[in-house]
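The lines below spell out each chain.
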Amino acid sequence: METMPVGGNPPVVAAMTDATTTNAAATDARPTLLASGDHRGAHDHSRVVAIDGPAAAGKTTVARALADRLGAMLFDTGTLYRAVTLAALRAGVPFADGPALAALADERHIDVTSPSAPDGRLYDVRLDGEDVTWPIRDPDVEAHVSEVAAHPAVRAALLPAQRRIADGSAVVMVGRDIGTVVVPDAGVKVFLEASLDERARRRHAELIERGTAAALADVLADLRARDAIDRGREVSPLTVAVDARVIRTDGKPVDQVVDEIERLVRAAWANPAQGAP
Ligand code: DC
């Protein structure tokens, strides 16, 4: 599969294919994206769409649909933190040991590419070549990823790969700190919000669909705990960028949210001088 390496020297490499491709065999669409003039100079972030928000606010689903409509790449940065958490679980690295976790992030090779199987995945994630797309969604990873992501050393280790993806590309980036820290000059910034109850219902439904047994009350408690860590951490806490558009997704169909963001993006891309809404 052709991928776009963004990791440079560090062994942790996040790589993406063009989001308009839907399977591994159709990866030659990326040069089309480049030829269409969407790849601009390095450090031009006018075509970066930053989508931040708490867990299960609908960010990734919305971002996938948006990226497809825009012919842009999709980069869900949570995959990096999840892959490091999975690697730590397997290697027995303590979740409290920031420097050891950062070293692990430096040692391991993470690839994010277009989806290779029609099993509901929005992308493939590989850890040292192994397909970990579903294992990084396991409850064990879910339970510890916020703790791992709270270490400044881990965040520092994963930052360069994220910035390289942003440079000069048309990309929809999903995370917690994209608009505030990773790409503060992104062309469009959106913060997706939803009530804790709604987010718990969505996450619970996702788990049931994948055949993972979980009680709604436990899912809600986990989300509340993750929110507290993500919002309360010292470095890059989950917070709304001053120039972000806040969109509440409670009760809104995905298409309606995507329409709203697409309008913002088309307006910003038509008139880049005006910057983020
Ligand atoms: O979006 P997600 O649930 O896959 O994210 C997993 C964890 O990674 C989440 O607890 C917060 C963290 N994360 C982060 O701190 N910064 C990002 N840019 C993306 C995710």
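See the structure shown above.
The rules behind each value
- Residues numbered from 1 in each chain as written.
- Predicted model: local features only at pLDDT ≥ 70, side-chain atom pairs only at ≥ 80, totals over all residues.
- Heavy atoms only, no water.
- Near = heavy atom within 4 Å.
- Polar contact = N/O pair within 3.5 Å; in protein donor to acceptor, adjacent residues only side chain to side chain.
- Areas by Shrake-Rupley, 256 points an atom, 1.4 Å probe, with all protein chains shown as cover.
- Helix = DSSP H or I, 4+ residues; strand = E, 2+ residues; numbered from the N terminus.
- Nonpolar A, V, L, I, M, F, W, Y, C, P; charged D, E, K, R; others polar.
- Expected span 1.5 Å × (residues − 1).
- Buried < 20%, exposed > 50% of the residue type's maximum accessible area, 1.4 Å probe, protein only.
- Arc of directions from axis to C-beta.
- Contact = heavy atoms within 4.5 Å.
- Salt bridge = Lys/Arg side-chain N within 4 Å of Asp/Glu carboxyl O.
- Phe/Tyr/Trp six-rings, centres within 6.5 Å; stacked < 30°, edge-to-face > 60°.
- Lys NZ or Arg CZ within 6 Å of the ring centre and 35° of its normal.

*Asks:* Would you mind showing me how to read the site of the ligand here?
*Replies:* As a matter of local geometry, the ligand sits amid 15 residues, with Arg82, Ser146, Arg155, Arg226 and Arg233 nearest to it. Note that an oxygen atom of the ligand is positioned 2.6 Å from one of the side-chain N or O atoms of Arg226. A distance of 2.8 Å separates an oxygen atom of the ligand from a polar atom in the side chain of Arg233. Summarising the interface, the protein chains cover 98% of the accessible area of the ligand, which totals 450 Å² for the free molecule. Within the residue set of the shell around the ligand, elements represented by two or more residues are α3 (78-91), α5 (139-149) and α9 (216-232). For the shell around the ligand, the per-class residue count stands at three nonpolar, four polar and eight charged.

*Asks:* Looking at this structure, how should I read helix α10 (residues 254-270)?
*Replies:* Given 3.6 residues per helical turn, the α-helix brings residues three or four places apart onto the same face. The end-to-end C-alpha distance of α10 is 24 Å, a good match for the 24 Å that 17 residues give at a rise of 1.5 Å each. Those residues of α10 lying buried are Val257, Val258, Ile261, Glu262, Leu264, Val265, Ala268 and Trp269. Buried residues of α10, viewed axially, fall in a sector of 165°; they line one side. Away from the buried face of α10 by more than 90 degrees, exposed residues Arg263 and Ala270 are located. Buried residues along α10 sit in contact with β3 (48-52), α2 (59-70), β9 (188-193) and β10 (245-248).

*Asks:* For this particular structure, what's the right way to read the pattern of salt bridges?
*Replies:* Side chains that differ in sign of charge can pair as their charged atoms come close. This model, assessed by the stated rule, comprises 26 salt bridges. Note that Arg69 and Asp259 form a salt bridge whose closest N and O atoms lie 2.7 Å from each other. With Arg69 in helix α2 and Asp259 in helix α10, this residue pair connects regions lying 190 residues apart in the sequence. In this structure Asp259 comes out as partly exposed when scored by relative accessible area, which is 33%. Glu193 serves as the salt-bridge partner of Arg231, at 3.6 Å between the closest nitrogen and oxygen. Residue Arg231 is found in helix α9, and its partner Glu193 is found in strand β9; the two are separated by 38 residues along the sequence. Exposure remark for Arg231: the relative accessible area of 35% places this residue in the partly exposed category. Classification of Glu193 as buried rests on a relative accessible area of 15%. One network of salt bridges, with partners in common, ties together Arg69, Asp255, Asp259, Glu262 and Arg266.

*Asks:* Any chance you could explain the packing of aromatic side chains here in plain terms?
*Replies:* For any pair of aromatic rings, the description consists of the separation of the ring centres together with the inter-plane angle of the planes. Throughout the structure, instances matching the rule amount to zero aromatic pairs. Over the ring of Trp269 we find Arg47; its NZ or CZ atom is 4.4 Å from the centre of that ring.

*Asks:* Would you explain the side chain of Glu142 in this entry?
*Replies:* Here Glu142 lies in helix α5. On the basis of relative accessibility, which here comes to 15%, the residue Glu142 falls in the buried class. Among the polar contacts listed, one links the side chain of Glu142 to the side chain of Arg82, at a separation of 3.3 Å. Apart from residues lying up to four places away in sequence, Glu142 is in contact with Arg82, Arg137, Arg203 and Arg226.

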